[in-house]
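Coordinates in review
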Amino acid sequence: MRSAMAIDSTFFDLATERMGRIESELHNSSLIGPFVRRLSFAWFDHFNARVVDKMTKSMRDDTIWFRGAADELRNSSNDAAGIESYPSLDDMFKHIEGMKHGMLRRHGDFLNLAAIAKRHGKISAAATNAAAAACDLFDAMESFRWALMDIEANHAHISEGYSATNAAELEAVFDRIASEG
């Protein structure tokens, strides 16, 4: 049986550090599309494929990390101390959303590269693999975000009169909300 871990600030620091590295890579890779379009594929096919393969490996590593982090969050103990010790989950959610948008742009860039280079097998195949890796990383980041939201919801302060343990109490909560609005 797996032991539950208490979430601590080190976990969030590692996540923030990884997200910062990914954002840097997203910025650097945004330059690759215009650069590659100007190159002669016949001469640079092998080089370009290696660069894209390196990006793919990095995205796959990040995907594994975010999936593992999401699993750790889901399997963590119910100790909310770690959540409270992190300065702001809102900042982390904004960070994740920004990275997801960047990953969507990267995915599109790789698909465009694959289309442009379709007569050059190595780079086209590498770009297609990279586009798939970008999708996987997007999904892993979304899974991580949902795991954070679950923990935040589980440890949120419940205002008096806004909790329910059965259908009748839930109906009373809805009535209270309706009367306030």
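Let us look at the structure shown here.

1. Observations concerning the packing of helix α5 (residues 89-116) against helix α6 (residues 121-154)
- Their axes nearest at 8 Å, the elements α5 and α6 cross at an angle of 165°. Considering their axes alone, α5 and α6 lie roughly antiparallel with respect to each other. As α5 runs across α6, the sense of the crossing is left-handed.
- Among the residues making up the contact of α5 with α6, the classes are represented as 23 nonpolar, three polar and six charged.

2. Considerations on the environment of Phe12
- Summarising the element assignment, Phe12 is placed in helix α1 (residues 9-29).
- The exposure class assigned to Phe12 is buried, which follows from its relative accessible area of 0%.
- Separated by 77 residues in sequence, Phe12 and Leu89 place their C-alpha atoms 9.3 Å apart.

3. Points about the nonpolar core
- Core analysis: the biggest nonpolar cluster contains 38 residues, and Met59, Phe66, Met92, Met103, Phe144 and Leu148 have the highest contact counts within it.
- Elements with a minimum of two residues in this core: α1, α3 (41-75), α5 and α6.
- Counting residues per element, this core draws most heavily on α6, which supplies 14 residues.
- Setting aside its immediate chain neighbours within four residues, Phe66 contacts Arg18, Met19, Ile22, Met99, Leu137, Ala140, Met141 and Phe144.

4. Section: the packing of aromatic side chains
- Under the definition given, this model contains three aromatic pairs.
- Ring geometry for Trp65 against Phe66: centres 5.1 Å apart, planes inclined by 85°, an arrangement best described as edge-to-face.
- For Trp65, a relative accessible area of 22% gives the class partly exposed.
- With a relative accessible area of 0%, Phe66 lands in the buried category.
- Pairing Phe66 with Phe144 gives two aromatic rings, centres 5.3 Å apart and planes at 70°, and the pair type is edge-to-face. Taken as a pair, Phe66 in helix α3 and Phe144 in helix α6 lie far apart in primary sequence, 78 residues in all. Across the pair, exposure class does not vary: Phe66 and Phe144 are buried alike.
- Here a set of aromatic residues connected by ring pairs shows up, and it is made of Trp65, Phe66 and Phe144.

5. Some thoughts on helix α7 (residues 167-180)
- Under the 1.5 Å per step criterion, the end-to-end length of α7 is 20 Å for 14 residues, consistent within 8% with the ideal 20 Å.
- Where α7 begins, one side-chain oxygen reaches toward the backbone nitrogen of Ala168, 3.1 Å away; that side chain belongs to Asn166.

6. A short note on the pattern of salt bridges
- Scanning all chains against the criterion turns up 10 salt bridges.
- Between Asp136 and Arg60 there is a salt bridge, and its shortest N-O distance comes to 3.1 Å. Of this pair, Asp136 sits in helix α6 while Arg60 sits in helix α3, and the two are 76 residues apart along the sequence.
- You can call Asp136 partly exposed: its relative accessible area is 28%.
- On the basis of relative accessibility, which here comes to 33%, the residue Arg60 falls in the partly exposed class.

7. Comments concerning the side chain of Thr56
- Checked against the element boundaries, Thr56 lands in helix α3.
- If we ignore the near neighbours within four places in the chain, the residues touching Thr56 are Ala126, Asn129, Ala130 and Ala133.

Definitions and cut-offs
Residues numbered from 1 in each chain as written. Predicted model: local features only at pLDDT ≥ 70, side-chain atom pairs only at ≥ 80, totals over all residues. Heavy atoms only, no water. Axes fitted to C-alpha atoms, helices over the stretch in contact; angles between N-to-C directions. Helix = DSSP H or I, 4+ residues; strand = E, 2+ residues; numbered from the N terminus. Parallel < 35°, antiparallel > 145°, perpendicular 65-115°, else oblique. Left-handed = near helix turned anticlockwise from the far one by under 90°. Nonpolar A, V, L, I, M, F, W, Y, C, P; charged D, E, K, R; others polar. Buried < 20%, exposed > 50% of the residue type's maximum accessible area, 1.4 Å probe, protein only. Core = buried A, V, L, I, M, F, W, Y, C linked by side-chain atoms within 4.5 Å. Contact = heavy atoms within 4.5 Å. Phe/Tyr/Trp six-rings, centres within 6.5 Å; stacked < 30°, edge-to-face > 60°. Expected span 1.5 Å × (residues − 1). Polar contact = N/O pair within 3.5 Å; in protein donor to acceptor, adjacent residues only side chain to side chain. Salt bridge = Lys/Arg side-chain N within 4 Å of Asp/Glu carboxyl O.

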